[in-house]
Amino acid sequence: MTARITSVAGRQLWDSRGRPTVEAEVTLESGVVGRAIAPAGASRGAHEAVDLRDGGDAFGGYGVGRAVSAIGVEISPAIMGMDAREQGAVDAALCKLDGTTNKARLGANAVVAVSMAVLHAAAADARMPLWRYLAEGRSVRIPLPEIQIFGGGAHAGRRTDVQDFMIMCPRAGSFRRALEITDDVYRAAGRLMEEKGPLTGVADEGGWWPNFSSNEDALDTLTRAIEAGGHRAGEDVFISLDIAANELGDSSGYNLALDDRRMSGEEMGARIIEWTKNYPILSVEDPAGQDDWATMAAVTAAVGDHVQIIGDDVLVTNAKRVEDAHAADACNAALIKVNQVGTVTEAKAALDAAVVHGWGAIVSARSGESEDVTIAHLATGWDAGQLKVGSFTRSERMAKWNEMLRIEEAMGSDAVFAGTSAFAAPIAQALA
Ligand code: PGA
Ligand code: ZN
């Protein structure tokens with residue numbers, strides 16, 4: 001029995017937004033099967049790998065018929081006979097077959113589903129849970145979660161400018177405890193919003209749909225929710241923001257709808273820096289647009305010794321862009337989304353580049369998700385230190401949190417919660 005790939009099949013499933021997505025199923029000679037489902041972003045960077053969508057009238061243009069057929073017609077024959085344990089070789093074959101710089105021909109949705117399905121098949125062949133297979137015998141930490149309380153930006157009709165209002169509990173001691181604290185804060189936030197006016201349901205990632213008159217109103221309410229939930233803001237529970245500024249503009253200026261004004265990159269940076277002084281903020285993602293390195297660097301220089309500055313759209317899980325960002329001192333942490341680059345191997349290279357420079361690393365979901373829990377295993381097995389999934393409702397989010405509870409339980413007394421060690425050294429020291 002070997003781990004030789006004997007077939008690769010694709011199928012169309014549906015994601016958490018009710019849009020078509022791609023699942024890949026890889027079968028090995030031993031009969032072992034690995035499966036994975038492609039996620040999909042809404043606030044995407046221009047430098048990302050791109051999904052192949054059918055266009056036209058059906059399914060709002062989001063059909064994946066061509067991506068699914070690329071798996072059966074082209075990808076399956078190309079990687080058939082390869083060893084599933086040779087992830088690097090399989091992913092290199094996928095890149096070569098695609099032939100573009102951004103997976104545009106076969107589709108990043110087809111490629112990422114196959115790449116992750118091969119990984120699952122290899123772990124199943126080794127009779128190991130995926131996180132343990134990836135750890136290769138090293139001790140790895142349980143990641144620190146960042147969990148959304150309010151969703152905004154492109155995930156909530158742009159009701160707030162800021163996309164994600166999240167919390168982090170670096171002193172929780174365990175994943176289980178971090179989720180219990182999150183539950184306190186999430187419920188308290190819902191109660192506070194109810195008092196303010198009609199509750200308007202939840203956004204794309206399950207956070208409360210924002211009902212705020214300003215970005216500061218949301219920050220105030222979140223701070224109050226932490227306290228109302230019975231926790232100390234800035235001690236046990238911190239705020240983490242994803243500005244997703246790429247959606248607001250670029251180095252020529254940013255439009256903040258709630259402020260009804262346009263800001264220069266300098267003003268935008270100054271606003272973010274001011275927020276970090278006025279609120280218990282521990283982490284800020286994409287404070288500037290994807291090519292506005294100057295504003296990214298200004299924010300990092302001002303507060304990066306005690307606030308995590310994460311690059312998402314600016315890095316797009318691309319090792320080369322991580323290197324460029326490091327040379328420019330643009331951030332001190334990297335968001336890692338496998339489908340931003342297309343293959344497991346390339347995503348791991350981006351993570352390694354971040355870790356080499358002493359940065360934080362956060363394995364992340366997309367706003368369009370499914371029951372697929374691969375990212376919980378990647379965050380743990382790769383010892384990334386942090387995991388970002390979305391909010392604390394909706395099963396495509398809870399599936400990942402629940403998988404983390406299973407992993408933590410499986411580690412038993414060996415489980416070490418990353419906690420404050422998840423951050424770049426100066427930030428971890430500031431927290432100590
Ligand atoms: P996306 O958003 O999945 O819609 O791109 C997530 C993020 O910006 O982190
Ligand atoms: Zn982001």
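Every value quoted in this text rests on a predicted model; they were computed, and no experiment measured them.

Caption draft 1: Spatial organisation of the sheet that holds strand β13 (residues 360-364). The strand order around the closed barrel built from eight strands is β4-β5-β6-β10-β11-β12-β13-β14, with neighbouring strands paired in mixed fashion. The mean angle between the axes of side-by-side strands here comes to 25°, regardless of whether they run parallel or antiparallel. Relative to strand β6 (residues 238-242), strand β5 (residues 164-168) is paired through five bridges, and the arrangement is antiparallel. Counterpart to M168 in the pairing with β6 is F238. Relative to the sheet, helix α5 (residues 175-196) contacts β4 (144-151), β5 and β14 (385-391), its axis offset from that of β4 by approximately 10°. Its contacts with the sheet put helix α11 (residues 344-356) on β12 (333-336) and β13, and the angle it makes with β12 is roughly 165°.

Caption draft 2: Representation of α5 within the structure. Between the first and last C-alpha of α5 there are 31 Å, a value that for 22 residues agrees with the 32 Å anticipated at 1.5 Å per step. F175, A178, L179, I181, T182, V185, Y186, A188, A189, G190, L192 and M193 are the residues of α5 that are buried. Those residues of α5 that are buried are in contact with β4, β5, α6 (215-228), β14 and α13 (395-411).

Caption draft 3: How the structure looks around the coordination of the zinc ion (ligand 2). Protein coordination of the zinc ion (ligand 2) is provided by D242 (OD), E285 (OE) and D312 (OD), with donor distances spanning 2.0 to 2.2 Å. All donors of the zinc ion (ligand 2) come from a single chain, and their spacing in sequence reads D-x42-E-x26-D. In this pair, D242 sits in strand β6 while E285 sits in strand β10 (residues 281-285), placing the two residues 43 residues apart along the sequence. For the pair D242 and E285, one class covers both residues: buried.

Caption draft 4: Region of the structure containing the pairing of strand β1 (residues 5-14). Note that β1 and strand β2 (residues 20-28) share nine bridges and pair antiparallel. Bridging across to β2, L13 finds its partner in T21. Counting the residues between successive antiparallel strands, the hairpin from β1 to β2 contains five residues, one of them, G18, with a positive phi of roughly 75°.

Caption draft 5: Expanded view of the domain arrangement of the chain. Domain parsing of the chain yields domain 1 (5-127) and domain 2 (144-431). The C-alpha centroid of domain 2 is placed 27 Å from the C-alpha centroid of domain 1. Counting residues at the interface gives 29 residues for domain 1 and 32 residues for domain 2. Of all residues in domain 1, S16, S43 and H47 bury the most surface against domain 2, accounting for 24% of the area lost on that side. Residue R366 is joined to E48 by a salt bridge in which the shortest nitrogen-to-oxygen separation is 3.2 Å.

The rules behind the values
Residues numbered from 1 in each chain as written. Chains lettered and ligands numbered in written order. Predicted model: local features only at pLDDT ≥ 70, side-chain atom pairs only at ≥ 80, totals over all residues. Heavy atoms only, no water. Pairing = 2+ DSSP bridges. Helix = DSSP H or I, 4+ residues; strand = E, 2+ residues; numbered from the N terminus. Axes fitted to C-alpha atoms, helices over the stretch in contact; angles between N-to-C directions. Contact = heavy atoms within 4.5 Å. Expected span 1.5 Å × (residues − 1). Buried < 20%, exposed > 50% of the residue type's maximum accessible area, 1.4 Å probe, protein only. Donors = N, O, S within 2.8 Å, 3.2 Å for Na, K, Ca; no water. Domains from an automatic or database assignment. Buried area = accessible area lost by both parts, 1.4 Å probe. Salt bridge = Lys/Arg side-chain N within 4 Å of Asp/Glu carboxyl O.

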